[in-house]
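Structural overview
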Amino acid sequence: MPKSKLFAGFAEAVAGIPDGSTIAFGGFAGPGTPFNLIRALLAQGARNLTCVSNTTGGAHQPRMPDIGMLVENGQVRKVVCSFTAATRPTDVLPFARFLEAGQVEAELVPQGTLAERLRAAGSGIPAFYTPTGVGTEIAEGRETRNFNGREHLLEHALPVDYALLRACQADEAGNLRYRLAQRNFNPVMAMAARTVLVEVEEELLPAGAMDPDAVHTPGIFVHRLVRIPPPPDGLWPARRLERAR
Amino acid sequence: MSGTETKGWSRQQMADRLAAEFEDGWIVNLGVGIPTLCSNTDTGDRDVVFHSENGVIGYGPVLPEGQEDLHLVNAGGQNVSLRPGAAIVHHADSFAVIRSGRIDATVMGAYEAASNGDFANWKVAVNAKGGGIGGAMDLAACARRVFLLLEHTTRRGAPRLVRRCALPVTARRVVTLVATNYGLFKPEGEGFRVLELAPGLTLDEARAATGAPLAA
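What follows deals with the overall build of chain B. Check the secondary structure of chain B and you find four helices and 13 strands. Its C-alpha atoms give chain B a radius of gyration of 17 Å, near enough to 17 Å, the size a compact globule of 216 residues would have. Seen along its three principal axes, the alpha-carbon backbone of chain B occupies a region of about 45 × 35 × 30 Å. Taking all 216 residues of chain B together, 57% fall into the buried category. Sequence separation of at least 24 residues holds for 62% of the intrachain contacts in chain B that already meet a minimum separation of 6. Here chain B displays about 8300 Å² of accessible surface, and carbon together with sulfur accounts for 49% of that area. Chain B carries 21 positive and 23 negative side-chain charges, and their two centres are separated by 10 Å.

What follows covers the environment of C168 of chain A. As for its position among the elements, C168 of chain A is in the loop between β8 (160–167) and β9 (169–170). Residues C168 of chain A and L154 of chain A lie 14 residues apart in sequence; the distance between their C-alpha atoms is 35 Å.

A word on the sheet that holds strand β7 (residues 150–156) of chain A. All names here are of chain A. Taking strand neighbours across the sheet as the criterion, the three strands line up as β5-β7-β6 in an open arrangement whose pairing is antiparallel. For this open sheet the edge positions go to β5 (127–130) and β6 (144–147), each flanked by a neighbour on one side alone. On average, each strand axis in the sheet is tilted by 40 degrees relative to the strand beside it, whichever way the strands run. As paired strands, β6 and β7 are joined by four bridges and run antiparallel to one another. Pairing of T144 across the sheet is with L153, part of β7.

Across the contact, 47 residues belong to chain B and 45 residues belong to chain A. For the pair chain B and chain A, the summed buried area comes to about 3900 Å², and 59% of that belongs to carbon and sulfur atoms. A per-residue breakdown of the area chain B buries against chain A is headed by H71, H91 and K129 of chain B, which together make up 18% of the total. Linking chain B with chain A are three salt bridges. Between E116 of chain A and R99 of chain B there is a salt bridge, with the nearest N and O atoms lying 3.4 Å from each other.

All names here are of chain A. Splitting chain A by domain gives domain 1 (10–122 + 157–227) and domain 2 (124–156). Each of domain 1 and domain 2 has a C-alpha centre, and the two are 26 Å apart. In this assembly, nine residues from domain 1 lie in contact with 10 residues from domain 2. Contact between domain 1 and domain 2 buries roughly 710 Å² in total, counting both sides, with carbon and sulfur atoms accounting for 59%. On the domain 1 side of the contact with domain 2, T113, A120 and A157 bury the most area, a combined 54% of that side's loss. One can count zero salt bridges joining domain 1 with domain 2. Connecting domain 1 to domain 2 are four residue pairs in polar contact (both at pLDDT 80 or more). Along the lines of polarity and charge, the residues of the side of domain 1 that touches domain 2 split into five nonpolar, two polar and two charged.

Considering all chains together, one arrives at five aromatic pairs over all chains under this definition. An aromatic cluster is present here, built from F22, W26, F50, Y59 and F147 of chain B joined pairwise through their rings. Across the ring face of W236 of chain A, the terminal group of R166 of chain A is positioned such that the distance to the ring centre comes to 5.0 Å.

Once that is clear, we can look at the packing of helix α5 (residues 111–121) of chain A against helix α2 (residues 91–99) of chain B. Interaxial distance between α5 of chain A and α2 of chain B falls to 9 Å at its minimum, and their mutual angle equals 125 degrees. Considering the angle they form, α5 of chain A stands oblique to α2 of chain B. In the crossing of α5 of chain A with α2 of chain B, the sense of the turn from one axis to the other is left-handed. Contact residues: Q111, G112, T113, A115, E116 and R119 of chain A in α5 of chain A; H91, A92, F95 and R99 of chain B in α2 of chain B.

Another aspect to go through is the pairing of strand β3 (residues 56–62) of chain B. Residues and elements named next belong to chain B. The pairing of strand β2 (residues 49–52) with β3 spans two bridges and is antiparallel. Each bridged residue has a counterpart across the sheet, and for S52 the counterpart in β3 is V56. Hairpin connection, β2 to β3: the antiparallel pair is bridged by three residues, and G55 has positive phi, about 95 degrees. Two strands pair when backbone bridges link them, and β3 and strand β4 (residues 80–88) are joined in this way by four bridges, in the antiparallel orientation. Within β4, the position partnered with Y59 by the bridge is L82.

Here the focus is the side chain of H91 of chain B. Here H91 of chain B lies in helix α2. Owing to a relative accessible area of 0%, H91 of chain B belongs among the buried residues under this scheme. Ignoring sequence-local partners within four residues, the contact set of H91 of chain B consists of F28, Q111, A115, N184 and F185 of chain A together with E53 and N54 of chain B.

All names here are of chain A. Read from one edge to the other, the open sheet built from seven strands follows the order β4-β3-β2-β1-β8-β11-β12, with strand pairing classed as parallel. Two strands bound the open sheet, and with one partner strand each, they are β4 (105–108) and β12 (224–227). Here the average twist between neighbouring strands, direction ignored, is 20 degrees. Here three bridges tie strand β1 (residues 22–25) to strand β2 (residues 49–52), and the two strands are oriented parallel to one another. Opposite I23, over in β2, you have C51 as the bridge partner.

Within helix α1 (residues 11–19) of chain B, burial applies to R11, M14, A15, R17, L18 and A19 of chain B. Residues of α1 of chain B that are buried make contact with β5 (105–108), β8 (146–149), β10 (175–180), β11 (183–187) and β12 (192–197) of chain B.

Conventions used here
Residues numbered from 1 in each chain as written. Chains lettered and ligands numbered in written order. Predicted model: local features only at pLDDT ≥ 70, side-chain atom pairs only at ≥ 80, totals over all residues. Heavy atoms only, no water. Helix = DSSP H or I, 4+ residues; strand = E, 2+ residues; numbered from the N terminus. Rg over C-alpha atoms; globule rule 2.2 N^0.38 Å. Buried < 20%, exposed > 50% of the residue type's maximum accessible area, 1.4 Å probe, protein only. Contact = heavy atoms within 4.5 Å. Areas by Shrake-Rupley, 256 points an atom, 1.4 Å probe, with all protein chains shown as cover. Lys, Arg positive; Asp, Glu negative; His and termini not counted. Charge placed at Lys NZ, Arg CZ, Asp CG, Glu CD. Pairing = 2+ DSSP bridges. Axes fitted to C-alpha atoms, helices over the stretch in contact; angles between N-to-C directions. Buried area = accessible area lost by both parts, 1.4 Å probe. Salt bridge = Lys/Arg side-chain N within 4 Å of Asp/Glu carboxyl O. Domains from an automatic or database assignment. Polar contact = N/O pair within 3.5 Å; in protein donor to acceptor, adjacent residues only side chain to side chain. Nonpolar A, V, L, I, M, F, W, Y, C, P; charged D, E, K, R; others polar. Phe/Tyr/Trp six-rings, centres within 6.5 Å; stacked < 30°, edge-to-face > 60°. Lys NZ or Arg CZ within 6 Å of the ring centre and 35° of its normal. Parallel < 35°, antiparallel > 145°, perpendicular 65-115°, else oblique. Left-handed = near helix turned anticlockwise from the far one by under 90°.

Written as structure tokens, this is what we have:
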């Protein structure tokens, strides 16, 4: 039988993450976001981090642990995101203050390019070309190449030290299943990382109890599992409040 | 955005008008903001599959409070329903669908739409630090048609339909159609063609609120 990858708690799972790590955080607009692991990382205090995620968070209420909080906590050197500002010009993220003051660096990446850079890193592909972003500000000074009469941008793989993820179901071997829109970046981040930590919603299954045909992320990519306790101890997604218009 | 702009179509009417352009069998990506309202439109006999950048293929209307599934969101983070035949993929596969040209139309919000087919929707000011690209650049570069849904003017009354974008563009020469509260417009190089005006609006009113020539 494989050795169980279950850890006792979130603090134990994040304990060894050193300063200077590059960490990918799963999640898109709530589902699949490792709220509990982020909260544990806030308490653990690792600094000088590079954080890879879709957004910096902070645009919605109730606010859940997000990358912006790690920035506000002085733990982040750089973020790599497809949003470093709110989607509405009238919303101002707490993150914006740190960016404007030069207290954090930001690399803004189109979302499909971000996903593909992670996928490439997890697939042994060092770089690739994409038509995305050609003719825009993000293409300035970049290497381009013409394929089939169309200009493409060179993009590099984005390997990470750690991935912090959330899944619906796991077995002791680390095989994962996501539910609905919870999947998002999680599978590609798992493959792009050297060490993968997962908070799991359902009770852990024994190895052999999950149908191999139904596995979304194979356990060989997964290292530490933590079961999310029921609220209020564990953090669960809440319905996002509509903002006043 | 402002709720004071009452001229012409409501946001849902704008979305409905643009959704009337969707053809049977199309795969349509809906972006954040007004475009999410298109999934509430009844497309009748036309079989249209809505794709969301987060890997949801085949979703339907936003669900009322109490009926939501918190594991299921569209690009705007709204809790939506699934239609029969829906499928879920991860982010890299979702953008593979986009880059490989399988999206028949993408519907996006924008700050500016230019008559030369450029548009801007990721940075609120030329000198802004940070921005919100999301999936917009991938979609704009790779979808077969780019449809924009936006208010015709800014809160201060400045035109959003212009000859050339002042803001950093999301993609160049890609816009197919633009629906605003004033009507439906097609970029044609140095100006826009008016395909339809919202009820109660005259061509002169539309011209006064547009930063590019309008041809009837």
